[in-house]
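A closer look at the structure
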Amino acid sequence: MNAAVLSEEPAAAAQAVEARFEPMTSERLDAVLAIEQAAYSHPWTRGNFADTLAAGHQAQCLLAGDELLGYFVAMPGFQEVHLLNITVAPAFQRQGWALVMLDALALWSRRQGAEWLWLEVRVSNARAQQIYLARGFARVGQRKGYYPLRPGEREDAVVMSLRLENT
Ligand SMILES: CC(C)(COP(=O)(O)OP(=O)(O)OC[C@H]1O[C@@H](n2cnc3c(N)ncnc32)[C@H](O)[C@@H]1OP(=O)(O)O)[C@@H](O)C(=O)NCCC(=O)NCCS
């Protein structure tokens, strides 16, 4: 699947660089974990990714040649899809790749018959929230102490949703 054809308004980066999606497999987890550990203060573990693959979640890698640009993991539910992880490698951030992945996920979710996309994001992660708002998500709630922060401290999550019929 060529990423450039997934959005009606593909980001400039996606037009300039040929990228494609391939399923996340256990063979790719070394590369995924390298990005995960560089991108987050509290990264998913190899076990978290192994569990998500075993559960059959929608887990896709975005590649340009052999280079892993980013990945997302989403859990389908009844008429909804829950985005569990979306990450762009630090060296490839701010080039439009998160938008490419969100568009691909919305397209796939609609094809599954889903009406809603859901996600949680740290209250401190203003950049990610801005990107979700730009893609049509709305802030619909807050979960107290959802994320670990420092020893003995937790951080709230903002819950965001996108109605797929309107996108
Ligand atoms: C949040 C995250 C996924 C965003 O990924 P990204 O690829 O950098 O995001 P995008 O470039 O698609 O975001 C759109 C931004 O790029 C800009 N953009 C879009 N196409 C562009 C292009 N061709 N060239 C330059 N900028 C572009 C947009 O205007 C927008 O502007 P902003 O940088 O002011 O926000 C990434 O920063 C990341 O992995 N962070 C760490 C993990 C994380 O926080 N994940 C989310 C958890 S909920």
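All values reported here derive from a predicted model rather than from experimental measurement. (Residues numbered from 1 in each chain as written. Predicted model: local features only at pLDDT ≥ 70, side-chain atom pairs only at ≥ 80, totals over all residues. Heavy atoms only, no water.)

Topic: the overall build of the protein
Basically, it comes down to this: For the purposes of this entry, the term helix denotes a DSSP run of H or I that reaches at least four residues, the term strand denotes a run of E that reaches at least two, and both are numbered from the N terminus. When accessible area is computed with a 1.4 Å probe and restricted to protein chains, residues below 20% of their type maximum are described as buried, those above 50% as exposed, and intermediate ones as partly exposed. Note that accessible areas follow from Shrake-Rupley with a 1.4 Å probe, and for residues the cover is restricted to the protein chains shown.
Across its full length, the protein carries 5 helices and 7 strands. In the protein, which comprises 167 residues, the share counted as buried stands at 43%. When the accessible surface of the protein is summed, it comes to about 8900 Å², and 50% of that surface belongs to carbon and sulfur atoms.

What about the side chain of Ser161?
For clarity, the threshold we go by: Contacts between residues were defined by any pair of non-hydrogen atoms, one from each residue, lying within 4.5 Å.
Tracing the backbone through its elements, the reader meets Ser161 in strand 7 (residues 154-163). Residue Ser161 is classed as buried on the basis of its relative accessible area, which comes to 5%. With residues up to four places along the chain from it excluded, the contact list for Ser161 reads Trp116, Leu117, Trp118, Gly136, Phe137, Ala138 and Val140.

Here we look at helix 4 (residues 97-111)
Within an α-helix, residues lying three or four positions from one another point in the same direction, as the helix has 3.6 residues per turn. Operational definition: In this scheme, a helix's expected span is set at 1.5 Å multiplied by one less than its residue total.
Its 15 residues give helix 4 an end-to-end C-alpha distance of 21 Å, which sits within 8% of 21 Å, the value for a rise of 1.5 Å per residue. Considered for burial, the residues of helix 4 that qualify are Trp97, Ala98, Val100, Met101, Leu102, Asp103, Ala104, Leu105, Ala106 and Ser109.

Quick look at the sheet that holds strand 6 (residues 138-148)
Sheet strands associate in pairs through backbone hydrogen bonding, adopting either a parallel or an antiparallel arrangement. Under the convention used in this document: Should DSSP find at least two bridges between two strands, the strands are taken to pair. Geometry is summarised by axes, namely lines fitted to C-alpha atoms with helices restricted to the contacting stretch, and by angles between N-to-C directions that run from 0 to 180 degrees.
With respect to topology, 7 strands assemble into an open sheet ordered 1-2-3-4-5-7-6, the strand pairing being mixed. At either margin of the open sheet sits one strand with a lone partner, and together these are strand 1 (20-23) and strand 6. Ignoring strand direction, the axes of neighbouring strands in this sheet form an average angle of 30°. Examined bridge by bridge, strand 1 and strand 2 (residues 58-64) share 4 bridges and lie antiparallel to one another. Directly across from Arg20, in strand 2, lies its bridge partner Leu63. Against the sheet, helix 3 (residues 46-54) contacts strand 2, strand 3 (67-77) and strand 4 (80-88), and its axis sits at roughly 55° relative to strand 3. Helix 5 (residues 126-134) rests against strand 4, strand 5 (116-122), strand 6 and strand 7 of the sheet, and its axis sits at about 160° to strand 5.

Some details on the pattern of salt bridges
Going by this rule: What makes a salt bridge here is a side-chain nitrogen of Lys or Arg within 4 Å of a carboxyl oxygen of Asp or Glu, nothing more.
According to the stated counting rule, one finds 10 salt bridges in the structure shown. When the shortest N-O distance is used, the salt bridge between Asp103 and Arg135 registers 2.8 Å. With Asp103 in helix 4 and Arg135 in the loop between helix 5 and strand 6, this residue pair connects regions lying 32 residues apart in the sequence. By relative accessible area, which is 14% here, Asp103 ends up buried. The class of Arg135 is partly exposed, set by a relative accessible area of 23%.

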